[in-house]
Amino acid sequence: MRRGVGIGGALCIAAVVAFFVLHRHRASNTDATFGRAGSADTTTSSSRNSRKLATQPVGRRIAGVVIGEDDRPIAGAHVQLASKEPGPRAPMIVTTADGAFDFGLKPPREYVVFADAAKLTGAVHELDLVDPNVQAERLRIVLHACDTTIHGVVRDTVGGTVTGALVSRTASAFQSATGAISDATGAYELCIPTGGADLRVSADGYATVRARVSAFGRTLRDFVLAPGATVTGKVVRASDKTPVESATVELREDDGSVDLVGTSNADGTFTIDGALPGRHVAVAYVGNLVTLDPPEVAIEIGAPNEVTCEVSATPSVSGRLVLASDEKVGVPGVEVYLGAMTGGSDDWRAMKSASDGTFLFEGVRPGDYMAMVHSASQSSAPPVHVASADVSGLVLTTEAPSSVSGRVLYEGKPVEGADVRARSGKAVTEATTDSEGKFAFEGLLGEDVQLYAQSDRLGAFTNGPTVPLAKGEKKIVDVTLDLAASVAGIVIDQNNQPVPGVFVRFSLLHGSDFGQATTADDGSFAARAMSGGGQYVYEVTEHAESQIVLFPVEGKRFPPVTVENGHSHVIGLRVKIKRERLTIRGRVVDATAAGVPDATVRAVVGGKGGSEYAPAIATTDQSGAYVLRDLSRGPFTLSASASRGESDEISVEAGATNATLTLKQLGNIDLTLDGFTDLITVVATPREHAGVYPGTRTGNIIHYRNVFPGPYTLEVYTQGDNWEDNSVVVTAGDTVAVTLHPRALGHVDGVLVDAVTKQPISDARCAAGTGSWKPVQTDSGGAFHLPTVVAGESVVSCWRVGYDVTNETVTVLANQAIHVDLAASPSAANNAKNIHSGISFENQLGDVMVSAVAPNSPGARAGVLVGDVVTKMDGEIVDDAGLAWAVVDGTTGPITLEIERGDKTLTLTVVRE
């Protein structure tokens, strides 16, 4: 009910690529794009950024001092340096008597600096040496008092405790070498920043666990480790099988997420410990050498898990960012994006332009990309086709960059470590204040900049000023944290016992503000940094990253609490929840019903398709049996993975005693490539499952082994073209044979006009529905040219914001050009003002809630009230306020709403006008 799919997914238009999200945070209210910072999912992205530029100096110095809150140097602090790019890791440094450290000159790329000292909160500092604005040689790293800790027990999947587990901070897949070590009882305690931290938990013989932990005081958080395995292998060049040194090797799951990372030695060998049993893909890269055909690793406990990663030379994309008014002038320190337009390519990459405006993306897989400037719209992004040769000389233009800098203050004093966000147009940029409370946003594009700042440590924030900014202007402003309301209380269970370690989240009704807290060992909590000004609804979850909602003892929701203003402090709130600790028991079996040992079972919240960052995990015994422990009541989605394959997802209620997961019988694909002389790579993508399957090549045949049954898309990349083949269907236990031949190409020219005004539509995207899907942009006269379209019947589509997608089927002739005229109709959203329900919605803690009902409107006549929670529309689950509005005011006629009002469930029919 709370977090479903349906309308949310059904309204997505696959042909329109969403604008790249420039920041990562979670807001609990309607304004989810700017402002209040929440818990961030820090799973490592599978895409990577190249940072080495030929125009950059050989190296830049990374050095500085470690100080305390009183500005005094800290001697004996441990400082570690890790690079996001491959290379030997720098040794740990112990600061001198004056708190100094110096790592010397380092190549221009991204780095992570870890610093910690006894009884103080460690710091993690990320810096990019390509960015000319980074002052890497004068770092001042502040270690604060240990005001917030997490503590608990590290257990294994059969209920025992784990001694010697390392719980430590992490950033960008790198783990600090220091942290808390679990004792003989499995207990640990670690200082972390107030608000939370990204952690990794590792121990010999166990799979490594990543987690985002939110904490506001001393917080209980237990971890469960499953048995892990070691993967060994070698990185070699595909051309001559010679070893490759200093390559990054990633173990990826089938959805593309990075699980673990290693680095190859001088002889090309690598070792990765802590891998979870099951099917993984190994990807290696260094410079322009990339694994084009990633090998699969079927990881088993107690078995040799060996893999060879072959890397091939891949192209680079380089260019220069210059002033639109004078292309001789390079623009430094501005974000440049390279975004994939095809499924077989890397995901989005981003990097700052160097001091002379140059940029270089190395190791780019073949495919079609958009090159974008920070804050630029996609419609103006130039297409970049990458085949086998380097793409150079790309010129991107921008207006003269502007900047906003200043200090963050609280009660007149500078605030170190405050999170600052600047929104300029569509782009949101983030910064952290330094030891003097200073921040700087460079490379802005001369639009009004809205500032926001928050300090979890101080429990205060501000929505900040909006700074008018002209092109090329530089402004200095002070930002004062002026909102610090709070709500304090205690969480108890149905037996009046305190509940430690749970997460309490508050959300302002009809506004955009929230507060959050974790409960201490005595159940007490204090949610701070709130704006006040109205009533707040709230909920309790197992932890900040969990979707397991702990409901009241009576009813489904707690009554709201009033916080009058930004300086109000509500105390004594008593939150009584119903908490149960249940198990799910079952077995994992193969197609013959035989038990599968050492399989990993995951349980996430909700029915099929449910998701959670930190799932419950169990490992099967020799009979295939498993037990998932300490679960709350409610439906869970269960799945199993092992070296033999994976199961389908099943939905199970907590308390089940016989939940059986069956590993699917898999199939194979043998793909023969006939007549290709310029083939680069082929990618097989299941259309019913996440991920991309790797293949092994023998001559002109590519073998895909142990793949899920179902339909597949084969994406073929050559130097001159790429296209999709959607005809492959794999049957369980069988091998499907497919032969692909090069296809003749033709050209399509056309003009797109407004169907009503007959005026040309510029800045639209048009593409052919078959062959190489390479969208092009219409010019001022609405004209477009598609240079490579597969001969035969093809669908030409054009789309633009404000218009419905328009299509025309054409017959393309080899080596010939045809013409097509298209007319696009204004979309229903443009005419929404003519359709009126009178209902407004807001997102509140996972619910879609009615925020307003206009008098005498269709919604009012239907009996809809402010505060109603809408669960379904015309039988489809509702999970987003914006999409709910689009449905009720998107078409005419009646619509049925299923709502929850208090403890009642009602069905209302709204007749829209």
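Calculation notes
Residues numbered from 1 in each chain as written. Predicted model: local features only at pLDDT ≥ 70, side-chain atom pairs only at ≥ 80, totals over all residues. Heavy atoms only, no water. Helix = DSSP H or I, 4+ residues; strand = E, 2+ residues; numbered from the N terminus. Buried < 20%, exposed > 50% of the residue type's maximum accessible area, 1.4 Å probe, protein only. Contact = heavy atoms within 4.5 Å. Areas by Shrake-Rupley, 256 points an atom, 1.4 Å probe, with all protein chains shown as cover. Disulfide = S-S within 2.5 Å. Pairing = 2+ DSSP bridges. Polar contact = N/O pair within 3.5 Å; in protein donor to acceptor, adjacent residues only side chain to side chain. Phe/Tyr/Trp six-rings, centres within 6.5 Å; stacked < 30°, edge-to-face > 60°. Salt bridge = Lys/Arg side-chain N within 4 Å of Asp/Glu carboxyl O. Arc of directions from axis to C-beta. pLDDT = per-residue confidence, 0-100. Core = buried A, V, L, I, M, F, W, Y, C linked by side-chain atoms within 4.5 Å.

K.L.:
Any chance you could break down the overall build of the chain for me, citing the residues and the numbers?
P.N.:
Scanning the chain for helices and strands turns up three helices and 77 strands. In the chain, which comprises 913 residues, the share counted as buried stands at 54%. Once local pairs closer than 6 in sequence are excluded, the contacts in the chain between residues at least 24 apart make up 63%. Carbon and sulfur atoms form 51% of the exposed surface of the chain, whose accessible area is close to 37,200 Å².

K.L.:
Describe the state of the cysteines, with residues and values.
P.N.:
Two cysteines, two sulfur atoms, one covalent bond between them: this is a disulfide. According to the stated counting rule, one finds two disulfides in the structure shown. For cysteine 146, the disulfide goes to cysteine 191, at an S-S distance of 1.8 Å. Between cysteine 146 and cysteine 191 the disulfide shows an S-S torsion of about -100°. By sign, it is left-handed. Of this pair, cysteine 146 sits in the loop between strand 8 (139-145) and strand 9 (149-156) while cysteine 191 sits in strand 13 (residues 187-191), and the two are 45 residues apart along the sequence.

K.L.:
Quick one: what's the story with the sheet that holds strand 70 (residues 806-812), residue by residue and with numbers?
P.N.:
Here four strands make up an open sheet; going across it, the order is 67-66-69-70 and the pairing antiparallel. Two strands close off the open sheet at either side, each with one partner strand: strand 67 (776-777) and strand 70. In this sheet, strand 67 lies alongside strand 66 (residues 765-768) in antiparallel orientation, the contact comprising two bridges. The residue of strand 67 that forms the bridge with arginine 765 is glutamine 777.

K.L.:
Now, about the pairing of strand 70: what can you tell me, with residues and values included?
P.N.:
Across seven bridges, strand 69 (residues 792-799) lies against strand 70 in antiparallel orientation. Directly across from serine 794, in strand 70, lies its bridge partner valine 810.

K.L.:
Can you explain the environment of asparagine 288? Please cite residues and give values.
P.N.:
Inspection of the secondary structure puts asparagine 288 in the loop between strand 22 (278-286) and strand 23 (289-290). Judged by relative accessible area, which is 32%, asparagine 288 ranks as partly exposed. Distance in space between the C-alpha atoms of asparagine 288 and valine 311 is 9.1 Å, their sequence separation being 23 residues. Setting aside residues no more than four positions away along its own chain, asparagine 288 makes contact with Ser312, Ala313, Thr314, Glu362 and Gly363.

K.L.:
Could you give an account of the side chain of histidine 703, with specific residues and numbers?
P.N.:
For histidine 703, the position within the fold is in strand 61 (residues 701-707). Within the structure, histidine 703 has its side chain in polar contact with the side chain of threonine 698 (distance 3.5 Å). Within polar-contact distance, the side chain of histidine 703 engages the side chain of arginine 705 at 3.3 Å.

K.L.:
I'd like a rundown of the packing of aromatic side chains, residues and numbers included.
P.N.:
Applying the stated criterion to the full structure yields eight aromatic pairs. Arranged with centres 5.1 Å apart and planes meeting at 10°, the rings of tyrosine 538 and phenylalanine 558 form a pair that is stacked. Note that tyrosine 538 is positioned in strand 46 (residues 534-541) and phenylalanine 558 in the loop between strand 47 (549-550) and strand 48 (561-563), a separation of 20 residues in sequence.

K.L.:
How would you summarise the pattern of salt bridges if you had to cite specific residues and measurements?
P.N.:
Under the definition given, this model contains 25 salt bridges. Among the ionic pairs, lysine 556 bridges to glutamate 900, the shortest N-O distance being 3.2 Å. A residue pair is termed long-range when its members are at least 10 positions apart, and lysine 556 in the loop between strand 47 and strand 48 and glutamate 900 in strand 76 (residues 893-901) qualify at 344 residues. Close ionic contact of arginine 901 with aspartate 868 constitutes a salt bridge, the shortest N to O distance being 2.8 Å. With arginine 901 in strand 76 and aspartate 868 in the loop between helix 2 (858-862) and strand 74 (869-873), this pair connects stretches of sequence that are 33 residues apart.

K.L.:
Now, about the sheet that holds strand 5 (residues 110-116): what can you tell me, with residues and values included?
P.N.:
Spatial strand order, 3-2-5-7: four strands in an open sheet with antiparallel pairing. In this open sheet, the two strands that pair with only one neighbour each are strand 3 (93-94) and strand 7 (123-128). For strand 2 (residues 78-83) and strand 5, the ladder comprises six bridges, and the chain directions are antiparallel. When the sheet's bridge partners are listed, serine 83 is paired in strand 5 with tyrosine 111.

K.L.:
Break down helix 3 (residues 881-888) for me, citing the residues and quoting the values.
P.N.:
Residues of helix 3 that are buried: Ala881, Ala884, Val887 and Val888. Projected onto a plane normal to the axis of helix 3, the buried residues spread over an arc of 120° and lie on a single side. Near the N-terminus of helix 3, the side chain that reaches the backbone nitrogen of glycine 882, with its oxygen 3.0 Å away, is that of aspartate 880.

K.L.:
Tell me about unusual backbone geometry, and name the residues and values.
P.N.:
Here aspartate 598, not a glycine, exhibits a phi torsion of approximately 60°, which is positive. Of note in the backbone geometry, leucine 845 takes a positive phi value of approximately 50° without being a glycine.

K.L.:
So what about the confidence of the model for the chain? Which residues, and what values?
P.N.:
Considering every residue of the chain, the mean pLDDT works out to 84; 87% of them sit at 70 or more. Within the model, the stretch residues 1-33 combines pLDDT values under 50 with 94 contacts to residues more than four positions away or in other chains. A low-confidence stretch, residues 38-57 stays under pLDDT 50, and its non-local contacts, those more than four residues away or across chains, total 73 contacts.

K.L.:
Can you explain the nonpolar core? Please cite residues and give values.
P.N.:
Counting 44 residues, the largest nonpolar core has Phe506, Tyr626 and Leu638 as its most contacted members. Residue contributions to this core peak at four residues, all from strand 54 (residues 635-642). If we skip the residues at most four places from it in the chain, leucine 638 touches Ile584, Arg602, Ala603, Tyr626, Leu628, Asp648, Glu649, Ile650, Val652, Ala659 and Leu661. Ile74, Phe101, Val113 and Ile141 belong to the second-largest nonpolar core, a separate cluster that totals 22 residues.

K.L.:
Describe the environment of glutamate 253, naming the residues involved and giving the relevant values.
P.N.:
With respect to the secondary-structure elements, glutamate 253 resides in the loop between strand 19 (248-252) and strand 20 (258-263). Take glutamate 253: its relative accessible area is 24%, and that puts it in the partly exposed class. On a C-alpha basis, the gap between glutamate 253 and glutamate 296 in space is 9.9 Å, while along the polypeptide they are 43 residues apart. Once residues within four sequence positions are removed from consideration, glutamate 253 is found in contact with Asp259, His280 and Arg602.

K.L.:
Break down the pairing of strand 31 (residues 383-386) for me, with residues and values.
P.N.:
The side-chain alternation of strand 31 yields one buried face, formed by Val384 and Val386, and one unburied face, formed by Pro383 and His385. The pairing of strand 30 (residues 367-373) with strand 31 spans four bridges and is antiparallel. Bridge assignment links glycine 367 to a residue of strand 31, and that residue is valine 386.

K.L.:
Which residues make up the side chain of threonine 148, and what are the values?
P.N.:
Among the secondary structure elements, threonine 148 is positioned in the loop between strand 8 and strand 9. The class of threonine 148 is buried, set by a relative accessible area of 1%. Of the polar contacts made by the side chain of threonine 148, one reaches the side chain of threonine 194; its length is 2.8 Å. Once you skip the residues sitting within four places of it in the chain, threonine 148 turns out to touch Leu190, Cys191, Ile192, Pro193, Thr194, Ala215, Phe216 and Gly217.

K.L.:
Describe the environment of serine 825, naming the residues involved and giving the relevant values.
P.N.:
In this structure, serine 825 sits in the loop between strand 71 (817-824) and strand 72 (839-844). Look at serine 825 and you get partly exposed, because its relative accessible area is 35%. The spatial distance from the C-alpha of serine 825 to the C-alpha of glycine 802 is 8.7 Å, given a sequence separation of 23 residues.

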